[in-house]
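Working through the structure, step by step
The lines below spell out each chain.
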Amino acid sequence: MQAFYREQFVIPGNGDWAYFCGNSLGLMPRSVPHAVQRVTEQWATLAVEAHFTDRDAWMPYHNLVRDQLARLAGAKPIEVVAMNTLTTNLHLMMASFYRPRGERRAILIEARAFPSDRHAVASQINLHGGSVDDDLIELAPLPGHETIAPEQIAAAIAAIGERLALVLWPGVQYVTGQRFDLAAITHAAHAVGAVAGFDLAHAIGNVPVDLHASDADFAVWCSYKYLNAGPGSIAGCFVHERHADRGLPRMAGWWGHDPATRFQMGPEFRPTPGADGWQLSNPSIFALAPLRASLELFDAVGMAALRDRSMQMTGFLAAAIDAEMSRYLDILTPRDPQQRGCQISLRVRAGRESGRRLHDALHARGIIGDWREPDVIRVAPAPLYNNQSDIERLLSGLREELQ
Ligand SMILES: *Cc1c(COP(=O)(O)O)cnc(C)c1O
């Protein structure tokens, strides 16, 4: 199991780390410094003219990542845009798609949602004068389970019924690594007249995503995790084509205005059809340049091949842990490779302190996973740069430390 493109990445620790933290911050592609340098050169030599005159001019620069993002998101080009950051995009989407009326006010999320997502939905409920106690419904795994059964989600949606305004669900759960079926969740939401939105922070670049066919209304993601675009890099947003030109209410800014007339600087807002119409500001070219460089690697390999390799890697890792270490370690991630991405989440049976010690001991050996409170060690072999020898090192580190 070789990595596809290990040599295209800078491996930290002078090339020595076994880095399993691409679910938190992906490694830097070697092409990134040059891509950023190129922007500084444009700025230095052309200044404002770089918006229009260069071969990679800044005005339409966000279009340079559109097709690649559309492929990764399973979307049409008009449905995706690179803009802002994840939580900002989530708010922008809810401004348009969470419109509580009458009895239809509830938002369904998972009980262990990423805190930013919970803060975002709770604050939206408050902004609309609702009550979080009444309108925020959080679905937990059944007692004794780590993950949420798909039937549970469908049943919860059906039970909330006409009270349900929005389902906001992850593509891949960030603690357990569980992957969800976007089409099934969307179908259930639409059946009761609710909107279906997805947070793909841990899914994009990790598992195949088919947003258009799933019929999802909107989705958001960040690009510093599996997309390797660097800390705080520009995020992504999907708006289904059927909403492209409906004049949905939104939080508007000049960059969402139709580019054909944007610079007439008129007072009226005419949104660009599609996801572009939700842009607010002219984007950071410094944030777009690394994303553009990074996405080229995804295109060169293709998501299908990456997914195959990813399933081989987690399959091998999970089988070895189950076979040799099940006395000490529980795997929280679903055993079925179709129901997970490339992350395996571990819990040390001896308790939180032992888990923390194990995580720190691996770290001291240059085996970099991460720790999620209260008691979870996450390791994510990323098929673009992790290889078999990384996985062997992780396994021998676990074996030796668990003795
Ligand atoms: C990483 C992550 C975030 C981070 O939000 P930012 O706005 O990019 O800081 C939010 N939600 C989920 C589910 C995440 O995994």
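Residues numbered from 1 in each chain as written. Predicted model: local features only at pLDDT ≥ 70, side-chain atom pairs only at ≥ 80, totals over all residues. Heavy atoms only, no water.

1. Observations concerning the domain arrangement of the chain
Examined at the domain level, the chain breaks down into domain 1 (6-20 + 302-402) and domain 2 (46-299). Each of domain 1 and domain 2 has a C-alpha centre, and the two are 29 Å apart. Each side of the interface is counted separately: domain 1 has 23 residues, and domain 2 has 19 residues. Across the domain 1 to domain 2 interface the summed buried area is about 1,800 Å²; carbon plus sulfur atoms make up 57%. Inspection of the region where domain 1 meets domain 2 yields one salt bridge. The partner of Glu146 in a salt bridge is Arg347, with the nearest N and O atoms 2.7 Å apart. Connecting domain 1 to domain 2 are 11 residue pairs in polar contact (both at pLDDT 80 or more). Elements supplying a minimum of two residues to the side of domain 1 that touches domain 2: α11 (303-325), β10 (344-348) and β13 (376-379). Looking at the side of domain 1 that touches domain 2, the element that brings in the most residues is α11, giving three residues. A per-class count over the side of domain 1 that touches domain 2 returns 10 nonpolar, eight polar and five charged. (Domains from an automatic or database assignment. Contact = heavy atoms within 4.5 Å. Buried area = accessible area lost by both parts, 1.4 Å probe. Salt bridge = Lys/Arg side-chain N within 4 Å of Asp/Glu carboxyl O. Polar contact = N/O pair within 3.5 Å; in protein donor to acceptor, adjacent residues only side chain to side chain. Helix = DSSP H or I, 4+ residues; strand = E, 2+ residues; numbered from the N terminus. Nonpolar A, V, L, I, M, F, W, Y, C, P; charged D, E, K, R; others polar.)

2. With respect to the site of the ligand
Neighbouring the ligand are Leu86, Thr87, Phe114, Asp117, Asp199, Ala201, His202, Tyr224 and Lys225. Between the ligand and Asp199 there is a distance of 3.3 Å, counted from a nitrogen atom to a side-chain nitrogen or oxygen. Take Tyr224: an N or O atom from its side chain is 2.5 Å from an oxygen atom of the ligand. Bound to the protein, the ligand loses 82% of the 390 Å² it would expose on its own. In the shell around the ligand, the residues fall into four nonpolar, two polar and three charged. (Near = heavy atom within 4 Å. Areas by Shrake-Rupley, 256 points an atom, 1.4 Å probe, with all protein chains shown as cover.)

3. Considerations on the nonpolar core
Ranked by internal contacts, the top residues of the largest apolar core, which has 69 residues, are Trp169, Leu211 and Trp221. No other element matches helix α10 (residues 285-301), which puts 10 residues into this core. When residues are assigned to domains, this core turns out to be shared by domain 1 (6-20 + 302-402) and domain 2 (46-299), each giving three or more. Among the nonpolar cores identified, the runner-up in size contains 29 residues, and Leu86, Ile107, Ala120 and Trp278 belong to it. (Core = buried A, V, L, I, M, F, W, Y, C linked by side-chain atoms within 4.5 Å. Buried < 20%, exposed > 50% of the residue type's maximum accessible area, 1.4 Å probe, protein only.)

4. Here's the deal with the sheet that holds strand β9 (residues 329-331)
An order of β9-β10-β13-β12 is seen for the four strands of this open sheet, with the pairing classed as antiparallel. What marks the edges here is a single partner per strand, and that holds for β9 and β12 (370-372). On average, each strand axis in the sheet is inclined to that of its neighbour by 35°, with strand direction left out of account. Bridging between β9 and β10 involves three bridges; their strand directions are antiparallel. Pairing of Leu329 across the sheet is with Val348, part of β10. Along the sheet, α11 contacts β9, β10 and β13; its crossing angle with β9, the most-contacted strand, is approximately 145°. (Pairing = 2+ DSSP bridges. Axes fitted to C-alpha atoms, helices over the stretch in contact; angles between N-to-C directions.)

5. Brief notes about the packing of helix α6 (residues 150-160) against helix α7 (residues 182-191)
The N-to-C vectors of α6 and α7 enclose an angle of 15°; their axes lie 9 Å apart at closest approach. Regarding the angle of α6 to α7, the classification is roughly parallel. The interaxial crossing formed by α6 with α7 has right-handed handedness. Residues Ile153, Ala154 and Ile157 of α6 form the contact with α7, whose own contacting residues are Ile185, Ala188 and Ala189. (Parallel < 35°, antiparallel > 145°, perpendicular 65-115°, else oblique. Left-handed = near helix turned anticlockwise from the far one by under 90°.)

6. Concerning helix α1 (residues 32-46)
Owing to its 3.6 residues per turn, the α-helix brings residues three or four apart onto one side. Between the first and last C-alpha of α1 there are 21 Å, a value that for 15 residues agrees with the 21 Å anticipated at 1.5 Å per step. Looking only at α1, the buried set comprises Val32, Ala35, Arg38, Val39 and Gln42. Mapping the buried residues of α1 onto a view down its axis gives an arc of 120°, with all of them on the same face. Across α1 from its buried face, at more than 90 degrees, point the exposed residues His34, Ala44 and Thr45. Buried residues along α1 sit against α10. After α1 finishes, the residue Ala47 shows a positive phi value of roughly 45°. (Expected span 1.5 Å × (residues − 1). Arc of directions from axis to C-beta.)

7. Some points on the sheet that holds strand β5 (residues 164-170)
A sheet is described by the order of its strands in space; here seven strands give the open sequence β2-β8-β7-β6-β5-β3-β4, paired in mixed fashion. Single-partner strands in this sheet number two, and they are β2 (80-82) and β4 (136-139). When strand polarity is set aside, the average angle formed by the axes of neighbouring strands in this sheet is 20°. In terms of strand pairing, strand β3 (residues 106-110) meets β4 through four bridges, oriented parallel. Directly across from Ile107, in β4, lies its bridge partner Leu136. Across the sheet, helix α2 (residues 66-73) touches β2 and β7 (218-221), and the angle it forms with β2 is around 125°.

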